[in-house]
Amino acid sequence: HWNACVYYFASTIAYGITTEGLGTNRSEFAYPAEAVNGSETPYASVAMKYAYSLHWSTQTMTTIGEVKPPEALWEFIYLTITFLLGVMIFASIVGSIGNIITNITANRSAFQDRLDHLKEYMSYRNVGKDLQNRIIRWFDYLWAQRHTFEEEEVLKYLPDKLQAEMAIHVHLATLKQVELFQNCESGFLIALVLKLKHQVYSPGDYVCRKGDIGREMFIVKQGMLQVTADDGRALATLSDGSYFGEISLLNVGKNGNRRTANVRSVGYSDLFCLRKEDLLHALNDYPEMREVLKEVRENLDK
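Residues numbered from 1 in each chain as written. Predicted model: local features only at pLDDT ≥ 70, side-chain atom pairs only at ≥ 80, totals over all residues. Heavy atoms only, no water.

(A) Up close: the packing of helix 1 (residues 2-15) against helix 2 (residues 46-62). Between helix 1 and helix 2, the least distance of the axes is 8 Å, while the angle of their chain directions is 115 degrees. On the basis of the axis angle, helix 1 is roughly perpendicular to helix 2. With respect to the hand of their crossing, helix 1 and helix 2 are arranged in right-handed fashion. Across the interface between the two elements, N3, A4, Y7 and Y8 from helix 1 touch K49, Y52, S53, L54, W56, S57, T60 and M61 from helix 2. Looking at the contact of helix 1 with helix 2 residue by residue, the classes come out as 7 nonpolar, 4 polar and 1 charged. (Axes fitted to C-alpha atoms, helices over the stretch in contact; angles between N-to-C directions. Helix = DSSP H or I, 4+ residues; strand = E, 2+ residues; numbered from the N terminus. Parallel < 35°, antiparallel > 145°, perpendicular 65-115°, else oblique. Left-handed = near helix turned anticlockwise from the far one by under 90°. Contact = heavy atoms within 4.5 Å. Nonpolar A, V, L, I, M, F, W, Y, C, P; charged D, E, K, R; others polar.)

Given below as C-alpha cells:
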C-alpha cells in the first residue's frame, strides 16, 4: 500500500498528471497521464489510481510479471530499492512461517526422538515383540492424551508459591474425593497435593497384586480398573474418582500392609499416586492430623 502511494506521487512529481509540460517526455515506467489534450483518461479516477499503483507495487515487490523498464535515473534507483524491499519482506515472511512450523512440530519431534531411542534400545536388548508393541502403544496413548511432558520438568521453573497454587488448582478437588482426607484441614491437603504423582497404565497392566507390600494409595483420574481374585474373577470395578490402597497409608509404621486383591487396568488408566513416605512427611508438619486419620481408620474397620 505505502509503496503504491510512493509510486504514484513520485510519478506525478516527476511528470505531472498530463502530457503537457513535465509530462511531454513521460516514461512508460511512470503512472500514465490522467489527461491528454485537456481530456481526462481512464486513469484519472481515484479508484484507478489506487488499483493501478497497487498492481504495480505488487508486481515489483513479488517479482511476478513484467514491469515496464525504467528510463530516468530516479526510476532505476526507485525500482532497485523496491526489489530489495520485496526480497527482504519475502524472506521475513518465509522465515516466520518456518519458525511457526518448527514450533508446532517441536514437541512431536522431541517425543519421536525419545521413542526412537527406546526402540533402538529394545532392539539392542532383544526385547520381545509383544512387549515392544505394548510400550509403543503406551507412548502413542501419551501423545494422544497430550501427556508428553513431565509435570515436574514443566513446573520446576516456577517459584514454590506458584507451584503450590498450580498443584492446588489441578489436584486438590481430586484429593478431596478420598474419604480418608475429607475431614483434614486445608494446609495438610495442600502439603499432600504437592506430592501426588501422575502415572499411566496400559490395558492389562496390574497396578498392584495380592500379597504385595502396599506403600502407596491410588486415585483414579481417568479410566477403568478391575479388582480381581486369584482366579481372575472381577470382584469390583473402579472408575473416575475411585481410589484404593488407602488402608496401606493408615498404618503409620515403616512397613506397609499386604495387598488383599489384584487391581488391573482394563484400558488405559490415568492415576494419581500418593506414597506412604510423603504422607509421613506431611504428618510431621501436621501432627494433629494423626488423630483424624486414626478415627477414619477405626470407622473403616467397623
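(B) Region of the structure containing the side chain of N262. With respect to the helices and strands, N262 occurs in strand 11 (residues 262-265). A polar contact of 2.6 Å, which involves the side chain of N262, links it to the backbone nitrogen of K210. Those residues within four positions of N262 in sequence are excluded, and the remaining contacts are Y206, C208, R209, K210, Q226, V227, T228, A229 and D230. (Polar contact = N/O pair within 3.5 Å; in protein donor to acceptor, adjacent residues only side chain to side chain.)

(C) Structural context of the environment of A44. For A44, the position within the fold is in the loop between strand 2 (39-40) and helix 2. Overall, the relative accessible area of 16% leaves A44 in the buried class. Taking the C-alpha atoms as reference points, A44 and A33, separated by 11 residues in sequence, lie 7.9 Å from one another. Excluding residues within four positions of it along the chain, A44 makes contact with E34 and K49. (Buried < 20%, exposed > 50% of the residue type's maximum accessible area, 1.4 Å probe, protein only.)

(D) View of the layout of surface pockets. Quantified by volume, the second largest pocket comes out at close to 290 Å³. For the lining of the second largest pocket, the secondary structure elements donating two or more residues are strand 9 (243-244), helix 8 (246-250) and strand 10 (257-258). The element best represented in the lining of the second largest pocket is helix 8, accounting for 3 residues. Within the lining of the second largest pocket, the residues separate by chemical class into 8 nonpolar, 4 polar and 3 charged. (1 Å grid on protein atoms, 1.4 Å probe; cavity = no way out; pocket = protein on both sides within 12 Å on 5 of 7 lines; lining within 4 Å. Points joined across faces, edges and corners; volume = space filled by probe spheres on them.)

(E) Summary view of helix 2. The end-to-end C-alpha distance of helix 2 is 24 Å, a good match for the 24 Å that 17 residues give at a rise of 1.5 Å each. Looking only at helix 2, the buried set comprises K49, S53, W56, S57, Q59 and T60. Down the axis of helix 2, the sector holding all buried residues measures 165 degrees, keeping them to one side. Residues of helix 2 that are buried make contact with helix 1 and helix 3 (73-124). One or two residues past the end of helix 2 sits T63, with phi positive at roughly 55 degrees. (Expected span 1.5 Å × (residues − 1). Arc of directions from axis to C-beta.)

(F) Inspection of the sheet that holds strand 11 at higher detail. The strand order 4-11-7-8 describes an open sheet built from 4 strands, whose pairing is antiparallel. If you trace the sheet from one side to the other, it starts and ends with strand 4 (206-208) and strand 8 (234-238), each paired once. The mean angle between the axes of side-by-side strands here comes to 30 degrees, regardless of whether they run parallel or antiparallel. Of the strand pairs in this sheet, strand 7 (residues 225-228) and strand 11 are connected by 4 bridges, and their pairing is antiparallel. Residue pairing for strand 11: L225 is matched across the bridge by S265. (Pairing = 2+ DSSP bridges.)

(G) Region of interest: the pairing of strand 7. Relative to strand 8, strand 7 runs antiparallel, the two sharing 4 bridges. For V227, the partnering residue across the bridge sits in strand 8 and is A236.

(H) How the structure looks around the packing of aromatic side chains. Applying the stated criterion across every chain yields a total of 16 aromatic pairs. Between F188 and Y286 the ring centres are 6.0 Å apart and the planes differ by 70 degrees, which places this aromatic pair in the edge-to-face class. On the criterion of sequence distance, the pair formed by F188 in helix 7 (residues 186-193) and Y286 in the loop between helix 9 (276-285) and helix 10 (289-301) is long-range, its members being 98 residues apart. Among the residues examined, F188 registers a relative accessible area of 0% and is labelled buried. Taking the relative accessible area as the measure of exposure, Y286 reaches 21% and is therefore partly exposed. Through a chain of ring-to-ring contacts, three or more aromatic side chains come together here, namely Y7, F29, W56, W74 and Y78. Its guanidinium or amino end placed over the ring of Y206, R209 lies 3.9 Å from that ring's centre, counting from NZ or CZ. (Phe/Tyr/Trp six-rings, centres within 6.5 Å; stacked < 30°, edge-to-face > 60°. Lys NZ or Arg CZ within 6 Å of the ring centre and 35° of its normal.)

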